[in-house]
Amino acid sequence: MNNHRTSSVETYQNFCTEDLRDSYVLDYLFTAGELQLTYTDLDRAIVGSAVPTDSALPLPAGDQLRADFFCQRRELGVINLGAAGTITVDGTSYPMANRECLYIGRGSQEVSFASDDASSPAQFYLLSYPAHADYPTTHAKIEDANKLELGSQADANERHLYQYIHENGIRSCQLVMGFTVLQNGSVWNTMPPHTHDRRSEVYCYFDIAEGHQVAHFMGEPQETRVLWMQEKHVALSPSWSIHCGAGTNSYAFVWGMGGENQRFDDMDGFPITELR
Ligand SMILES: O=C(O)C(=O)C[C@H](O)C(=O)CO
Ligand SMILES: [Zn+2]
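Position numbers for residues start from 1 in each chain and track the written sequence from start to end. Written order decides the labels, with chains lettered from A and ligands numbered from 1. Two thresholds apply to this predicted model, a pLDDT of at least 70 for residue-level local features and 80 or more for giving and counting side-chain atom pairs, whereas whole-chain, interface and lining totals are computed over all residues. Computation of side-chain values: all heavy atoms of the structure, hydrogens and water removed.

Enquirer: Is there a simple way to explain the coordination of the zinc ion (ligand 2) in this structure?
Expert: By definition of the ideal shapes, a tetrahedral metal site with four donors has angles of 109.5 degrees and an octahedral site with six donors has angles of 90 or 180 degrees. Around the zinc ion (ligand 2), the donor atoms from the protein are His194 (NE2), His196 (NE2), Glu201 (OE) and His243 (NE2), and they sit 2.1 to 2.2 Å away. The rule for donors is simple: an N, O or S atom within 2.8 Å of the metal counts, and for Na, K and Ca the reach is 3.2 Å. Water is not among the atoms, so a site may look short of donors. Tetrahedral means four donors with every angle between 85 and 135 degrees, whereas square planar (four donors) and octahedral (six donors) require angles over 155 degrees between opposite donors and between 65 and 115 for all others; sites fitting neither are termed irregular. One way to put it: the 6 donor atoms around the zinc ion (ligand 2) meet at angles of 75 to 178 degrees, and that makes the site octahedral. Taken in chain order, the donor set of the zinc ion (ligand 2) reads H-x1-H-x4-E-x41-H. Placement of the pair is His194 in strand S17 (residues 194–195) and His243 in strand S22 (residues 242–247), with a sequence separation of 49 residues. Like His194, the residue His243 is buried in the burial classification. The helix and strand labels rest on DSSP assignments: H or I over at least four residues marks a helix, E over at least two residues marks a strand, and numbering proceeds from the N terminus. Each residue is assigned to one of three classes by its accessible area relative to the maximum for its type, calculated with a 1.4 Å probe on protein chains only: buried under 20%, partly exposed between the two thresholds, exposed over 50%.

Next comes the structure, spelled out in structure tokens:
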């Protein structure tokens, strides 16, 4: 497991592009045949991926956790961004189609990831936070998610947001997780932007068309910076930072949060005309 440190709110303002990316972008996940984990300093989020090919990939505890097993004191959200696969938790198998979600509760001991077809593997995106209680491991299909239709074609931000793990959906200790799909011709996510002092957030961009990128904006609203994101790149967002983006085409992204509360609408919106 990698250790990853983000910078302070003062330091990022003087960063060159490379320093900024080193601090806020994970661009090395989703390696075929590997399970990769990165332990961040954002509310102790662990961000990772599992892309099983010929054999199943077990979830290790990793030395940093000083735990007997990964979920001994943690909960884990998984969304499959690839072809069909299976996640096995303590002997129970959960088939996972593209964009489906599995919440794995604290106390789950043996977790492993497999693909149905090694030549077209599942691509599991993992997001985990410390947990103080056991909630049941729960699988959700897209139709189980709470769907919100946001934005408009006129504002180039028409998008569908699917909430899986949230206060009125799959229960968890602090993890809130789902994904957003930009509709054809729309490019702006999370516009107008917001911060949420009580939570940090992690975005994983996916389904970006060949030859395209997403310009992800971060920073304090009056001191923003841009991070160019490619397929399955992850942007880390401290609680002081806005997080929004404009693609050169439509795309989708998994969002996930942890912190003080789980209230999705506990956000401080920022007027577009005051962004700098
Ligand atoms: O498109 C959006 O708007 C989002 O997906 C917003 C994220 O869910 C978010 O930032 C929640 O805090
Ligand atoms: Zn947010």
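On we go.
Enquirer: Quick question: what am I supposed to make of the sheet that holds strand S5 (residues 57–58) here?
Expert: Two strands in a sheet stick together by hydrogen bonds in their backbones, pointing the same way (parallel) or opposite ways (antiparallel). Two strands pair if DSSP finds at least two bridges between them. If you trace the 4 strands from one edge of the open sheet to the other, you get S5-S10-S7-S8, paired in antiparallel fashion. Of all strands in the sheet, those bounded by a partner on one side alone are S5 and strand S8 (92–96).

Enquirer: Just to check I follow, could you spell out the pattern of salt bridges for this structure?
Expert: When the charged atoms of two side chains with opposite charge come close together, those side chains can pair. One side-chain nitrogen of Lys or Arg within 4 Å of one carboxyl oxygen of Asp or Glu is enough to make a salt bridge. Per the counting criterion, the structure on display carries 8 salt bridges. Of the charged contacts in the structure, one is a salt bridge between Lys147 and Glu149, with a shortest N-O distance of 3.7 Å. Classification of Lys147 by relative accessible area gives partly exposed; the value is 39%. Assessed through its relative accessible area of 60%, Glu149 is described here as exposed.

Enquirer: Whenever I open this one, the site of ligand 1 confuses me. Can you help?
Expert: By convention in these notes, a residue is near a molecule or strand provided one of its non-hydrogen atoms lies within 4 Å of it. Near ligand 1 you find 14 residues, and of these Arg159, Thr180, His194, Glu201 and Tyr203 are the closest. Here Arg159 contributes a side-chain N or O atom positioned 2.6 Å from an oxygen atom of ligand 1. One of the backbone N or O atoms of Thr190 is found 3.4 Å from an oxygen atom in ligand 1. Residue exposure ignores everything except the shown protein chains as possible cover, and the areas themselves are Shrake-Rupley values with a 1.4 Å probe. Burial of ligand 1 by the surrounding chains reaches 97%, relative to a free accessible area of 330 Å². Considering every element that reaches the shell around ligand 1, the biggest residue donor is strand S23 (residues 252–259), with 3 residues. Here the shell around ligand 1 is built from residues that sort into 7 nonpolar, 5 polar and 2 charged. Identification of polar contacts relies on pairs of N or O atoms within 3.5 Å, with a donor-acceptor requirement for protein atoms, meaning one able to donate a hydrogen and the other able to accept it, and with residues adjacent in sequence counted only if both atoms are side-chain atoms. Polar here means any residue outside two lists: the nonpolar Ala, Val, Leu, Ile, Met, Phe, Trp, Tyr, Cys and Pro, and the charged Asp, Glu, Lys and Arg; Gly therefore counts as polar.

Enquirer: I would appreciate a short explanation of the UniProt feature "binding site: Zn(2+)" (unreviewed entry) in the chain in the present structure.
Expert: UniProt positions are given in the numbering used here, feature names are shortened, and annotations may be inferred rather than shown by experiment. Within the UniProt annotation, "binding site: Zn(2+)" (unreviewed entry) is assigned to His194, His196, Glu201 and His243. Over a stretch of 50 residues, the named residues converge on one spot in the fold, their C-alpha atoms separated by at most 11.3 Å. Contacts are assigned to residue pairs with any non-hydrogen atoms lying within 4.5 Å of each other. In contact with His196, other than residues within four places in its own chain, are Glu201, Ser239, His243, Met257, Asp266 and Met267. Within the structure, the side chain of His196 is placed 3.4 Å from the side chain of His194, a separation counted as a polar contact.

Enquirer: Hey, could you run me through the environment of Leu81 in this one?
Expert: With respect to the helices and strands, Leu81 occurs in the loop between strand S6 (74–80) and strand S7 (85–89). Once residues within four sequence positions are removed from consideration, Leu81 is found in contact with Phe30, Asn98, Gln123, Tyr125, Cys204, Phe206, Lys232 and Val254.

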